Amino acid sequence: MPRRRGSRARRGDDRDMKGFEQLYNEIAPGLTNYLVGSGSSYHDACEIVQETFLRVWRHRDELVDDLEQIRGYVFTVARNCRKNRVRDLSRETLQDEIADAGSYEVDFESKDENAALRKKLLAALAELPPTLREAFTLFQIAELSIREIARQTNVTEANVKVRIHRAKEKLRERLEG
């Protein structure tokens, strides 16, 4: 006969859940924005965020108490989930998703005076080379530090800075031209 978990174990789960909920509330919005900014539809980004946090929950006992490292881990899991999702969709490739940047399912509300600029920015982001787009969106949208981005992308901090700078230059050219 299986053993029942005692109230002590349940209290531990409650604490885990509250901490996890706090982590989710802090990281999920930036992660969603990062995924949308890197070519996923809003709907897909939300699903990837759910899948990511489900995986993080399953491995919660392995996490350290360093928010910067946890944030990096969460973004790495999300990137892998996104790659798996793209790979599994045999008819669609990542390039097709990025090419359709203007068809995001994000509602920019027609009342918003900046809607045209946002659409133009999303289209310009979609035209960036993947390495520049990734560095830019992780820095500007997901608000990760240069160090966190370098760790996630396996490049030097100097290289991350160069990629962000080049991305900003290319975006400026496309938005002004």
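Each chain has its residues counted from 1, running along the sequence as written. Local features in a predicted model are, by the rule used here, given only for residues with pLDDT of at least 70; side-chain atom pairs are given and counted only at 80 or more, and totals for whole chains, interfaces and linings are based on all residues. Side-chain metrics in this entry use all non-hydrogen atoms of the structure; hydrogen atoms and water are not considered.

A.B. asks: I keep staring at the overall build of the protein and nothing clicks. Help me out?
C.D. replies: Each helix and strand counted, the protein has eight helices and zero strands in total. Secondary structure elements follow DSSP: runs of H or I no shorter than four residues count as helices, runs of E no shorter than two count as strands, and numbering proceeds from the N terminus. What you see in the protein, going N to C, is helices and strands ordered as α-α-α-α-α-α-α-α. Expressed as a percentage of the 177 residues in the protein, the buried residues total 37%. We call two residues in contact whenever any of their non-hydrogen atoms come within 4.5 Å of each other. Taking the contacts inside the protein whose residues are at least 6 apart along the sequence as the reference set, 64% of them involve residues at least 24 apart. Here, Shrake-Rupley sampling with a 1.4 Å probe gives the accessible areas, and only protein chains in the shown set may cover a residue. Of the roughly 11,600 Å² of accessible surface on the protein, a fraction of 47% belongs to carbon and sulfur atoms. To sort residues, take the accessible area from a 1.4 Å probe on protein chains only and compare it with the maximum for the residue type: under 20% means buried, over 50% means exposed, and anything in between is partly exposed.

A.B. asks: What should I look at first to understand the nonpolar core in this one?
C.D. replies: Nonpolar side chains tend to gather and get buried jointly when the protein is soluble and globular. Here, nonpolar core means buried Ala, Val, Leu, Ile, Met, Phe, Trp, Tyr and Cys residues that are tied together by side-chain atoms lying within 4.5 Å of each other. Counting 29 residues, the largest nonpolar core has Leu-31, Phe-53 and Phe-75 as the members making the most contacts within it. Looking at this core, the elements with two or more residues in it are α1 (7-37), α2 (42-58), α3 (67-88), α6 (130-141), α7 (146-153) and α8 (157-176). If one sorts the elements of this core by residue count, α1 sits on top with eight residues. With sequence-adjacent residues up to four places away left out, Phe-75 is seen in contact with Ile-27, Gly-30, Leu-31, Tyr-34, Leu-138, Ala-142, Leu-144 and Gln-152. Counting eight residues, the second-largest nonpolar core is a separate cluster that includes Ala-124, Leu-128, Ala-167 and Leu-171.

A.B. asks: Can you walk me through the confidence of the model for the protein in this structure?
C.D. replies: Regions with low pLDDT should not have their predicted coordinates read in detail. Per residue, pLDDT captures the predictor's confidence, and it can take any value from 0 to 100. Averaged over every residue, the pLDDT of the protein is 77; residues scoring 70 or more account for 76%. Here residues 1-12 is a poorly scored stretch, pLDDT under 50, and it has two contacts once near neighbours within four places are set aside; other chains count.

A.B. asks: Would you mind going over the pattern of salt bridges with me for this structure?
C.D. replies: Proximity of charged atoms lets side chains of opposite charge pair with each other. Criterion for a salt bridge: a side-chain nitrogen of Lys or Arg within 4 Å of a carboxyl oxygen of Asp or Glu. Across all of its chains, the model carries seven salt bridges by this definition. Put simply, Arg-151 and Glu-68 hold a salt bridge, and the shortest N to O gap is 3.7 Å. On the criterion of sequence distance, the pair formed by Arg-151 in helix α7 and Glu-68 in helix α3 is long-range, its members being 83 residues apart. The exposure class of Glu-68 is partly exposed, given its relative accessible area of 29%. Here Arg-79 makes a salt bridge to Glu-134, at a shortest N to O gap of 2.9 Å. Residue Arg-79 is located in helix α3, and its partner Glu-134 is located in helix α6; the two are separated by 55 residues in the primary sequence. Of the residues examined, Glu-134 reaches a relative accessible area of 17% and is grouped as buried. Taken together, the shared-partner salt bridges connect Glu-26, Arg-71 and Glu-148 into one network.

A.B. asks: Looking at this model, I keep getting lost on the packing of aromatic side chains. Mind explaining?
C.D. replies: Two measures describe an aromatic ring pair: the distance that separates the ring centres and the angle between the ring planes. A pair of aromatic rings is counted whenever rings of Phe, Tyr or Trp (Trp by its six-membered ring) have centres within 6.5 Å, and the orientation is called stacked for planes under 30 degrees apart, edge-to-face for over 60 and tilted otherwise. Evaluation of the coordinates by the stated rule reveals four aromatic pairs. Ring centres 5.8 Å apart and planes at 75 degrees place the aromatic pair Phe-20 and Phe-53 in the edge-to-face group. Residue Phe-20 is located in helix α1, and its partner Phe-53 is located in helix α2; the two are separated by 33 residues in the primary sequence. Phe-53 sits in the buried class, given a relative accessible area of 4%. Ring geometry for Phe-20 against Trp-57: centres 5.0 Å apart, planes inclined by 65 degrees, an arrangement best described as edge-to-face. Residue Phe-20 is located in helix α1, and its partner Trp-57 is located in helix α2; the two are separated by 37 residues in the primary sequence.

A.B. asks: What is the right way to read the environment of Ser-41 from this model?
C.D. replies: Relative to the assigned elements, Ser-41 resides in the loop between α1 and α2. When its relative accessible area of 16% is taken as the criterion, Ser-41 is described as buried. Pairing of N or O atoms within 3.5 Å defines a polar contact, subject to two protein rules: one partner must be a possible hydrogen donor and the other a possible acceptor, and residues neighboring in sequence count only if both atoms are side-chain atoms. Within the structure, Ser-41 has its side chain in polar contact with the backbone nitrogen of Asp-44 (distance 3.1 Å).

A.B. asks: It is not clear to me how unusual backbone geometry should be interpreted in this structure. Could you clarify?
C.D. replies: Of all residues except glycine, most have a negative phi; of all peptide bonds, most are trans. Phi at Asn-154 takes a positive value of approximately 60 degrees, unusual for a residue other than glycine. By the secondary structure assignment, Asn-154 is in the loop between α7 and α8.

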